[in-house]
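Structural description and commentary
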Amino acid sequence: MDQFTLNLLVVGATFALYIGIAIWARAGSTSEFYAAGRGVHPVLNGMATGADWMSAASFISMAGIIAFSGYDASTYLMGWTGGYVLLAMLVAPYLRKFGKFTVPEFIGDRFYSQAARNVAVICLIVASITYVIGQMTGVGVAFSRFLEVDNTTGLFIGAAIVFMYAVLGGMKGITYTQVAQYVVLIIAYTIPAIFISLQLTGNPVPALGLFSNDVNTGAPILATLNDTIEALGFKSYTGQHDSTLNMFLFTMTLMIGTAGLPHVIVRFFTVPTVADARSSAGWALVFISLLYLTAPAVGAMARLNLINTFYPNGVEQPAVELSQIETAPQNLWVRNWEKTGLLTFDDKNGDGRIEYNANNDTNELNVNRDIITLANPEIANLPGWVIALVAAGGLAAALSTAAGLLMAISSAVSHDLIKSQINPGISEKGELLAARISMAVAIAVATYLGLNPPGFAAQTVALAFGLAASSIFPALMMGIFSKKINNVGAVSGMLVGLVTTLVYIFLHKGWFFIASTASFSDADPMLLSIKSTSFGAVGALLNFITAYVVTGMTKEAPEDIQELVESIRIPKGSGAATDH
Amino acid sequence: MADKSSSNAYWKANIRTIQLFLVIWFVASFGFGILLRPMLAGISIGGTDLGFWFAQQGAALVFLVLIFAYAWRMNKLDREHGVEE
């Protein structure tokens, strides 16, 4: 059976599984639609949160970024795990106690203002759509490879499937489907990593293999990798090349963004008790860590294997011959990925060899970082079913997150905007229609912007974290940990955080991500080398300062709101959700 | 509803726990992984140094322990102050 048929079979089988589960667990009421009836066991909820959380950015993109940035990319690893500590201690238990359905609903009630709720909806939509752009980039890469079409066609097919998939069910369907998706994606991520770790280090646990010896050289694999890439003129793998300030701010941005992203927070509305909300965050991190502890090994080993493809006799010897690339069976993956346009090579000096090095004038190979995870099993010459499995895993990661995000966007529009203010008398049918229309619009916008994405999938997603970090996280924090912050303070804080971060991003990535309108390149020394992806932490600080200053100048929150804050601080009496 | 002084004491105990845990959270990631990495450079592990390990794996393991420790500690506090569900 050829690879193409095998890919279709495996991906098709996993899709059939998800659809089957979605039909079996169809939502019966609004409580089930928005919060799965609050009957989900914390371990299962943790697993579903893991799938929801680990998107195309984690699965498809992150290991590729680590492969090319080495130590500097540790920021992603720390940032996307450390946020769960904040979620468990600072956000999840209190919002579960509050017991409503959406994050804007909490912000609106706590800051006793429709304006606060509307601003929260705007923040949510801006962050979530940016996040969906990153998913579209990843889906495009995955579909282009396994359907053997160019990247743009892959993106359109992906968008159509995301749309059909997301409008199918509510939160309950999504929760159980996501459990299945987690299982698919973690198996798909781990199996090739085990094979490759065994090949290179003899250690079956990739996380340990990363710190083991290379079976060929006998030296530690990271030392071998450093020597290899430095011989080609690249910067060392384990060294720090990014500024400490930028690494610090970026890690902080990802952490607090995690604790401010509505599609993650709503996961904790689906557990039975406040205590379950705390442990559920722990279980989520257990399942996430299984991938995150493996990812750095995947990155380092993929980089080594990539170089071995182009320097089969070692980096001191001449590079691979062009005729080898075009015909040899072990180089089939290069030809396959060339079709997607995401890998290109060009024998510029006409010596019949493809050189890969850090010098722009003599380098003859360009590899899009987002293909590394998906191409990894092919580079290592693993069996066809592993390659098909990784394609299925990448799609599971992208689809599960896209579904969660679209769910958050549509409930913000239908529940927080339309039902609560524009048309309170709207029928259930009308509410559902509004939800679907908002999903469709979000997908269309994200697909259009995904054609020329502002970065690799993980970088685009990082921008979304910056937006959530600067706008929503501080509002939640102040809403829970301060009794005094008032409506004007919270609204002006959120606006200052969102607008400064958005403007900072647009100045670097172009207005509305149209690249030609950008005025700064990333890491401009004039702006202290703070990259656009790292600004969220600064925006959050501005948000806090604004809210405190404005509250200081106006009347503090009224007595009944202060009582509300006291009640969300203790678990007792959480009970079932109060309907709106 | 628990009486006011009891829930105040509960909240203060919670805040103290959060502060302690946030210090550990910060030191394991921003500390060992980024700011203090040069100081840990002397401790080598698998071809690199301890700071690299903390940044790529160690911090995540510390986070895991922290969350479960927090969940356990808060369940105990909930019962002690009579505010459990």
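Residues numbered from 1 in each chain as written. Chains lettered and ligands numbered in written order. Predicted model: local features only at pLDDT ≥ 70, side-chain atom pairs only at ≥ 80, totals over all residues.

Let's shift gears to the overall build of chain A. A tally of helices and strands in chain A yields 24 helices and two strands. For chain A, whose C-alpha radius of gyration is 24 Å, the value lies close to the compact-globule estimate of 25 Å for 580 residues. Principal axes of the C-alpha set define a box for chain A whose edges measure 75 × 55 × 40 Å. Taking all 580 residues of chain A together, the buried fraction comes to 61%. (Helix = DSSP H or I, 4+ residues; strand = E, 2+ residues; numbered from the N terminus. Rg over C-alpha atoms; globule rule 2.2 N^0.38 Å. Buried ≥ 20, exposed ≤ 12 C-beta atoms within 10 Å, placed from the backbone.)

For chain B, the helix and strand inventory stands at three helices and two strands. For chain B, the α and β elements follow one another from N to C terminus as α-α-β-β-α. Against the 2.2 N^0.38 benchmark of 12 Å for 85 residues, chain B shows a C-alpha radius of gyration of 18 Å, more extended than a compact globule. Each of the three principal axes of chain B carries a C-alpha extent, and together these read 55 × 20 × 15 Å. Buried residues in chain B amount to 36% of all 85 residues. Of the contacts formed within chain B by residues at least 6 apart in sequence, a portion of 61% connects residues at least 24 apart. (Contact = placed C-beta atoms within 7 Å.)

In this section: the interface of chain B and chain A. Taken together, the 36 residues of chain B in the interface contact 44 residues of chain A. Taken together, the elements giving at least two residues each to the side of chain B that touches chain A come down to helix 1 (4-35) and helix 3 (50-80) of chain B. Among the residues forming the side of chain B that touches chain A, the class breakdown is 24 nonpolar, nine polar and three charged. (Nonpolar A, V, L, I, M, F, W, Y, C, P; charged D, E, K, R; others polar.)

Here we come to the environment of A:Arg335. Within the secondary structure layout, A:Arg335 lies in helix 17 (residues 332-340). In the structure, A:Arg335 is positioned 141 residues away from A:Ile194 in sequence and 25 Å away in space, judged by C-alpha atoms.

To continue, consider the packing of helix 7 (residues 114-146) of chain A against helix 22 (residues 487-509) of chain A. Residue and element names in this part refer to chain A. Packing of helix 7 against helix 22 leaves a shortest axis separation of 9 Å and a crossing angle of 20 degrees. Considering their axes alone, helix 7 and helix 22 lie roughly parallel with respect to each other. In this structure, helix 7 meets helix 22 at a crossing whose hand is left-handed. The segment helix 7 lies against helix 22, with Ala115, Ala116, Val119, Ala120, Cys123 and Val126 engaging Asn487, Ala490, Val491, Met494, Leu495, Leu498 and Leu502. By residue class, the composition of the contact of helix 7 with helix 22 is twelve nonpolar, one polar and no charged. (Axes fitted to C-alpha atoms, helices over the stretch in contact; angles between N-to-C directions. Parallel < 35°, antiparallel > 145°, perpendicular 65-115°, else oblique. Left-handed = near helix turned anticlockwise from the far one by under 90°.)

Now for the UniProt feature "transmembrane region" (unreviewed entry) in chain B. Under the present numbering, the feature "transmembrane region" (unreviewed entry) in UniProt falls on residues 20-40 and 52-72 of chain B. Secondary structure content for residues 52-72 of chain B is 100% helix and 0% strand, and the end C-alpha separation is 30 Å. (UniProt positions renumbered as here; feature names shortened; annotations may be inferred.)

Right, let's get into the nonpolar core. Residues and elements named next belong to chain A. In terms of nonpolar packing, the biggest core is built from 222 residues, with Ala120 and Leu185 touching the most fellow members. Three or more residues apiece are contributed to this core by two domains, here domain 1 (3-302 + 384-569) and domain 2 (305-377). Once residues lying within four places of it in the same chain are set aside, the contact partners of Ala120 are Val103, Pro104, Ile107, Gly108, Ile472, Ala475 and Met494. (Core = buried A, V, L, I, M, F, W, Y, C linked by C-beta atoms within 7 Å. Domains from an automatic or database assignment.)

For the rest of this paragraph, the subject is the environment of A:Ser534. Residues and elements named next belong to chain A. Summarising the element assignment, Ser534 is placed in the loop between helix 22 and helix 23 (536-553). The sequence separation of Ser534 and Leu249 amounts to 285 residues, and the corresponding C-alpha distance is 5.3 Å. Apart from residues lying up to four places away in sequence, Ser534 is in contact with Asn246, Leu249, Phe250 and Thr253.

What follows is about helix 11 (residues 221-231) of chain A. Buried within helix 11 of chain A are the following residues: A:Ile221, A:Leu222, A:Thr224, A:Leu225, A:Asn226, A:Thr228 and A:Ile229. Residue A:Gly233 follows helix 11 of chain A closely and has a positive phi angle near 90 degrees.

Residue and element names in this part refer to chain A. What the domain assignment lists for chain A is domain 1 (3-302 + 384-569) and domain 2 (305-377). Centre-to-centre, using C-alpha coordinates, domain 1 lies 32 Å away from domain 2. For the side of domain 1 that touches domain 2, the elements supplying multiple residues, two or more each, are helix 4 (56-69), helix 7, helix 9 (171-201), helix 11, helix 15 (295-310) and helix 19 (384-422). Broken down by element, the side of domain 1 that touches domain 2 gets its largest block of residues, eight residues, from helix 4. Residues of the side of domain 1 that touches domain 2, tallied by class, amount to 22 nonpolar, nine polar and three charged.

Residues and elements named next belong to chain A. Unusually for a residue other than glycine, Phe512 sits at a positive phi of about 50 degrees. Within the secondary structure layout, Phe512 lies in the loop between helix 22 and helix 23. Since 11 C-beta atoms lie within 10 Å of it, Phe512 is described here as exposed.

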